[in-house]
Amino acid sequence: RSIANSHTVFNVVVAVIFFPFIQYGAKFIPLLIQPTEADKEFSVKYIDRSVFENSTVALSYVQREILRMGDIVASMVESSIELFKNQDDELEERIRERDNRVDLLFKEIQAFLAQVNDNFDSISSKRVVGLMMFASDLESAADVIDNTIVDLARKKHGLKLEFSDQGWQELKDLHDEVCRIVNMSLSCFQTGSVDLADKILESKRQIRKLEKNFKKSHLNRYLEGNPDTLRTSTIHLDALNEYRRISGLVTNHVYSLRKHALKQREKQQNQGSSTSSS
């Protein structure tokens, strides 16, 4: 007990003595430990911890950082289908590195928005919430690839399984549609186009139909006793589900965009009606 008490007292005294020098230490440590080129690659490019007095400028920089994050997620989705072809440890490592990069950008974006949000008006604060939600969805989509998709592919190769020819083609077809909707979603986020938002929602419905039809097709092959289908059934169905899940995550922001556009349209119509009446 005496030893434990002495350690506690020592730690408290040291903390009190060095507390006034924390700021100096925070400035000295980055000078002492310089980041490597790899560390610099996994860092923010358009934002830092500085406070932008102009909310429009600050949020435009955040939007560019989120688009940068979205490009990484899009590349992960695109290359993920290759995981099911052959066991590729290098590809798994590259996907893991990209997921780490997405995680880092997400944390930096969150920290930056939390820092500047108090200086914004209510309208800008609502936009902050929207930006954080889209960034969170992108980070979740990256996790689906890095965790679930990678695990499914690893399981497939570990058990030395092969999809049926039709099943593999269906999985690739769904993957192509998901890649397309990811890129459309990023373009919509950048431009704020309501027309593009409508196209995205139509594509999302199409992906749901494809998943449903492909699952029915798979189950028919299963009942027919296709040996490849029997062995890969769980992996195949899970893969279809996870790709459809990604399409849902990356398109969540579209609904708020369309809702805002409808409100603006109703507001303009009401103003037009008031002007006509007067």
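See the structure shown above.
Thresholds applied
Residues numbered from 1 in each chain as written. Predicted model: local features only at pLDDT ≥ 70, side-chain atom pairs only at ≥ 80, totals over all residues. Heavy atoms only, no water. Axes fitted to C-alpha atoms, helices over the stretch in contact; angles between N-to-C directions. Helix = DSSP H or I, 4+ residues; strand = E, 2+ residues; numbered from the N terminus. Parallel < 35°, antiparallel > 145°, perpendicular 65-115°, else oblique. Contact = heavy atoms within 4.5 Å. Nonpolar A, V, L, I, M, F, W, Y, C, P; charged D, E, K, R; others polar. Salt bridge = Lys/Arg side-chain N within 4 Å of Asp/Glu carboxyl O. Buried < 20%, exposed > 50% of the residue type's maximum accessible area, 1.4 Å probe, protein only. Phe/Tyr/Trp six-rings, centres within 6.5 Å; stacked < 30°, edge-to-face > 60°. Lys NZ or Arg CZ within 6 Å of the ring centre and 35° of its normal.

**Quick look at the packing of helix 8 (residues 194–224) against helix 9 (residues 227–250)**
Line of reasoning, step 1. Relative to each other, helix 8 and helix 9 sit at 175°, their axes nearing to 10 Å. Here helix 9 runs roughly antiparallel to helix 8, going by the angle between their axes. On the side of helix 8, the interface is formed by Lys-204, Ile-207, Arg-208, Glu-211, Phe-214, Lys-215, His-218, Arg-221 and Tyr-222, while helix 9 contributes Thr-229, Leu-230, Ser-233, His-236, Leu-237, Leu-240, Asn-241, Arg-244, Ser-247 and Gly-248.
Line of reasoning, step 2. Of the residues belonging to the contact of helix 8 with helix 9, the class tally is 6 nonpolar, 7 polar and 6 charged.

**Overview of the pattern of salt bridges**
When charged atoms on two side chains of opposite charge get close, those side chains can pair.
Line of reasoning, step 1. Tallied over the full model, the rule gives 14 salt bridges.
Line of reasoning, step 2. As a salt-bridge pair, Arg-205 and Glu-202 come within 3.0 Å of each other at their nearest N and O atoms. Here Arg-205 and its partner Glu-202 are both found in helix 8, 3 residues apart, which amounts to about one turn of the helix.
Line of reasoning, step 3. For Arg-205, a relative accessible area of 43% translates into the label partly exposed.
Line of reasoning, step 4. When salt bridges that share partners are traced, they join Glu-92, Asp-151 and Arg-154 into one network.

**Here we look at the packing of aromatic side chains**
Any two aromatic rings considered together are summarised by their centre-to-centre distance and by the angle between their planes.
Line of reasoning, step 1. Counted by the stated rule, this structure contains 3 aromatic pairs.
Line of reasoning, step 2. Ring geometry for Phe-84 versus Phe-163: centroids 6.0 Å apart, planes at 55°, classification tilted. On the criterion of sequence distance, the pair formed by Phe-84 in the loop between helix 4 (55–80) and helix 5 (89–116) and Phe-163 in the loop between helix 6 (122–158) and helix 7 (165–191) is long-range, its members being 79 residues apart. Note on accessibility: Phe-84 and Phe-163 belong to one class, buried.
Line of reasoning, step 3. Both rings, one in Phe-163 and one in Trp-168, keep their centres 6.1 Å apart while their planes meet at 5°; by these two values the pair is stacked. With respect to burial, Phe-163 and Trp-168 carry one shared label: buried.
Line of reasoning, step 4. An aromatic cluster of three or more residues is present, and its members are Phe-84, Phe-163 and Trp-168.
Line of reasoning, step 5. Its end group placed over the ring of Phe-163, Lys-156 keeps NZ or CZ at 5.4 Å from the ring centre.

So far we have only geometry, and geometry alone does not tell us how the molecule works.
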